[in-house]
Amino acid sequence: MATSNFESIKPESVKRVNLFTMFRLGLFQMGLAMMSILTLGVLNRVMIQEIAIPATLVALVLALPAFVSPSRIWFGQISDAKPLWGYHRTVYVWIGAAIFAIAAFLAVQVMWQLNSVANDSSGWVWTTATIGWTAVLGLVFAVYGLAICASGTAFAALLVDISEEDNRSKVVGVVWSMLMLGIIVGAIISSSLLKQLTPEANILTLQAAINRLFVIVPAIVFGLSFVATWGVEKKYSFYASRSSLSNREDSITLGAAWKILTASPQTGLFFTFLLVMTFSLFMQDPILEPFAGQVFKMPLAESTKLNVFYGTGLLIAYGVTGFLIVPRLGKRRTARLGCVLVAFAALLLGASGFSANPAFLKFALVLFGLATGFLTTAAISLMLDLTVAESAGTFIGAWGLAQSVSRGLAVVAGGAVLDLGRNLLPTLELAYGLVFALEALGMVLSIWFLNRVNVTEFQTNTKQAIASVLESDLD
């Protein structure tokens, strides 16, 4: 029977990844967070409040990058099998980053066109022009999402390639800490570039400020992606010499990859856990800044800066959890406790609206960030354990699919529940509170799926499937 050769090909010349490189890799995650701030931290507020597009429609458009996430499995399998210019991961990261940076700027230009045709004193009106420009906006966001999928999947597979089980939680802690730093930096940059805007600012002033923001930040993000991954794959990947193997993963076709992916029932269980957990975690994404604007009467620059409080909590949690909590409690117990903490923090966010006190909101956001960082560090570490090196890109693609689809559904659900709450409930505070309450309920449900995940069973079943695939290729 053929067995995996990857266990024995860790060349002596390949170095163990050091702390500096972990931080450098984190620059890529930092850039992704900055892009997230632009789309979900700025554009959602502008489209819902300043342009007055229905929240459900805004949420649907902003969720399109997540709905193209089935491509993650394909991108992952391609990066496993087809190197570009000698790299299985790095060049995919660079090309994807270039495309999503350009697409983000184009999305803003389409948004202004949509505003010009939808500018009616009676509010949003469906016309041929609004339908057409909405479709174009959706197409641009879909391209943006495909680029994120290609770049992000290759990057996460690179983390698997350069890490081992004993240092994986540290890699996750450092790299995702930089993601949270990106949320803080992105919020500060966005707030500073938008600080001249007042609630009374006209559309031309708003347009000039937003355009400048969407030139500067995407350019910075592409530069960070390049610096983050330069030279890492060749120097640190244990599997960089895969191309010399007769049984390398190039021979694993998409069909064979699917067979490996479905070999263990644990894959489905963990996939479902990721779906429910991520959905519950991100329902507040499209409504947080409008919540601050409509309930707390914050101007655009101040509501964007709320991400600093959320990001600070995340940053602290990522650093502490990866190095101190996960090694002591274990990944699954830490994730279970994280679900409980997120549920509590979501309820606190909902309660803050009834206080009308911005300080209460900021305090709740710090706690929500701490709880989210606690949970996601454990969940991501567990995710990497439920990934085999021979098909790292394929498994990362599957886990990324679960996270992206559920995040997209969460964004749409958050906007739809808000619209429903505004129509059925007597106050804005109750409408927004309904979203936060459903988040908490989902977190409790995700614990049920997590309790049934067994890493050992997954690894045994999957390794047997890989051996079977390689054996059939040799017949």
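Residues numbered from 1 in each chain as written. Predicted model: local features only at pLDDT ≥ 70, side-chain atom pairs only at ≥ 80, totals over all residues. Heavy atoms only, no water.

(A) Local environment of the nonpolar core. Ranked by internal contacts, the top residues of the largest apolar core, which has 66 residues, are Phe-100 and Ile-210. Those elements giving two or more residues to this core turn out to be helix H1 (19-50), helix H2 (55-67), helix H4 (90-118), helix H5 (128-162), helix H6 (168-194), helix H7 (203-229) and helix H16 (392-424). For this core, the element with the most residues is H1, which contributes 14 residues. In this view, Ile-210 contacts Val-42, Val-46, Val-108, Trp-112 and Leu-194; residues no more than four positions away in its chain are not counted. With 58 residues, the next largest nonpolar core counts Phe-270, Val-295, Ala-413 and Tyr-432 among its residues. (Core = buried A, V, L, I, M, F, W, Y, C linked by side-chain atoms within 4.5 Å. Buried < 20%, exposed > 50% of the residue type's maximum accessible area, 1.4 Å probe, protein only. Helix = DSSP H or I, 4+ residues; strand = E, 2+ residues; numbered from the N terminus. Contact = heavy atoms within 4.5 Å.)

(B) Quick peek at helix H10 (residues 265-282). A rise of 1.5 Å per residue sets the reference length of H10, with its 18 residues, at 26 Å; its end C-alpha atoms lie 26 Å apart and thus fit the reference within 8%. Along H10, the positions that sit buried rather than exposed are Gln-266, Thr-267, Phe-270, Phe-273, Leu-274, Val-276, Met-277, Thr-278, Ser-280, Leu-281 and Phe-282. (Expected span 1.5 Å × (residues − 1).)

(C) Structural detail: the environment of Met-34. Within the element layout of this structure, Met-34 appears in helix H1. Overall, the relative accessible area of 1% leaves Met-34 in the buried class. Sequence separation between Met-34 and Gly-186 is 152 residues; the distance between their C-alpha atoms is 4.5 Å. For Met-34, the residues in contact, after removing those within four places along its chain, are Gly-182, Val-185, Gly-186, Ile-189, Val-217, Ile-220, Val-221 and Leu-224.

(D) Quick peek at a nonpolar patch on the surface. Residues Phe-354, Leu-420, Leu-424, Leu-425, Leu-430, Leu-434, Leu-438 and Leu-441 make up a contiguous nonpolar surface patch of roughly 720 Å² in combined accessible area. Mapped by element, the contributors of at least two residues to the nonpolar patch are H16 and helix H17 (428-450). The biggest single contributor to the nonpolar patch is H17, with four residues. Relative to the helices and strands, Leu-425 is located in the loop between H16 and H17. (Patch = residues over 30% accessible without salt bridge, like charges linked within 9 Å, V, L, I, M, F, W, Y side chains within 5 Å. Areas by Shrake-Rupley, 256 points an atom, 1.4 Å probe, with all protein chains shown as cover. Salt bridge = Lys/Arg side-chain N within 4 Å of Asp/Glu carboxyl O.)

(E) Main features of the packing of helix H14 (residues 331-355) against H17. Viewed as axis vectors pointing N to C, H14 and H17 meet at an angle of 170°, and their least axial separation amounts to 8 Å. Classed by the angle they form, the pair H14 and H17 counts as roughly antiparallel. Residue classes in the contact of H14 with H17 are distributed as 16 nonpolar, four polar and four charged. (Axes fitted to C-alpha atoms, helices over the stretch in contact; angles between N-to-C directions. Parallel < 35°, antiparallel > 145°, perpendicular 65-115°, else oblique. Nonpolar A, V, L, I, M, F, W, Y, C, P; charged D, E, K, R; others polar.)

(F) Representation of the confidence of the model for the protein within the structure. Across the protein, the average pLDDT comes to 76, with 73% of residues at or above 70. Of the regions scoring below 50 in pLDDT, residues 1-14 engages in 30 contacts with residues more than four places distant in sequence or in other chains. Low pLDDT (under 50) marks residues 240-252, which in the prediction has 37 contacts with non-local residues, meaning those over four places away or in another chain. (pLDDT = per-residue confidence, 0-100.)

(G) Region of the structure containing the packing of aromatic side chains. Under the counting rule described, the total for this entry stands at eleven aromatic pairs. Between Phe-141 and Tyr-144, the aromatic rings sit 6.2 Å apart at their centres with planes inclined by 75°, giving edge-to-face as the arrangement. You can see Phe-141 and its partner Tyr-144 sitting in helix H5, three residues apart, about one turn around the helix. Here Phe-291 and Tyr-432 contribute two aromatic rings whose centre-to-centre distance is 5.0 Å and whose plane-to-plane angle is 45°, an arrangement assigned as tilted. Here the residue Phe-291 occupies a position in helix H11 (residues 288-294), and Tyr-432 occupies one in helix H17, the gap between them amounting to 141 residues. (Phe/Tyr/Trp six-rings, centres within 6.5 Å; stacked < 30°, edge-to-face > 60°.)

(H) A look at unusual backbone geometry. If you check the backbone angles, Lys-297 has positive phi at about 60° while not being a glycine. Counting through the fold element by element, Lys-297 comes out in the loop between H11 and helix H12 (300-304). Since its relative accessible area comes to 64%, Lys-297 is described here as exposed. Of note, the phi angle at Ala-356 is positive, near 55°, even though the residue is not glycine. Along the chain, Ala-356 falls in the loop between H14 and helix H15 (358-385).

(I) Representation of the environment of Phe-28. With respect to the helices and strands, Phe-28 occurs in helix H1. Owing to a relative accessible area of 1%, Phe-28 belongs among the buried residues under this scheme. Once the C-alpha coordinates of Phe-28 and Met-178 are considered, the two residues, 150 residues apart in sequence, prove to be 8.3 Å apart. When near neighbours in sequence (up to four residues on either side) are disregarded, Phe-28 contacts Val-93, Ser-151, Gly-152, Phe-155, Leu-224, Ser-225 and Ala-228.

(J) Quick look at the packing of H2 against H5. Across the interface, H2 lies against H5 with an axial gap of 5 Å and an inter-helix angle of 35°. Facing H2, whose interface residues are Leu-57, Val-61, Leu-62, Leu-64 and Pro-65, H5 presents Thr-134, Leu-137, Gly-138, Phe-141, Ala-142, Tyr-144, Gly-145 and Cys-149. In the contact of H2 with H5, the residues fall into ten nonpolar, three polar and no charged.

(K) Up close: the environment of Ser-225. Structurally, Ser-225 is set in helix H7. Judged by its relative accessible area of 1%, Ser-225 falls in the buried class. Not counting residues within four places of it along the chain, the set of residues in contact with Ser-225 comprises Phe-28, Trp-94 and Ala-97.

(L) Examining H14 more closely. The end-to-end C-alpha separation of H14 is 36 Å, in line with the 36 Å expected for 25 residues at 1.5 Å each. Backbone geometry just after H14 places Ala-356 at a positive phi near 55°.

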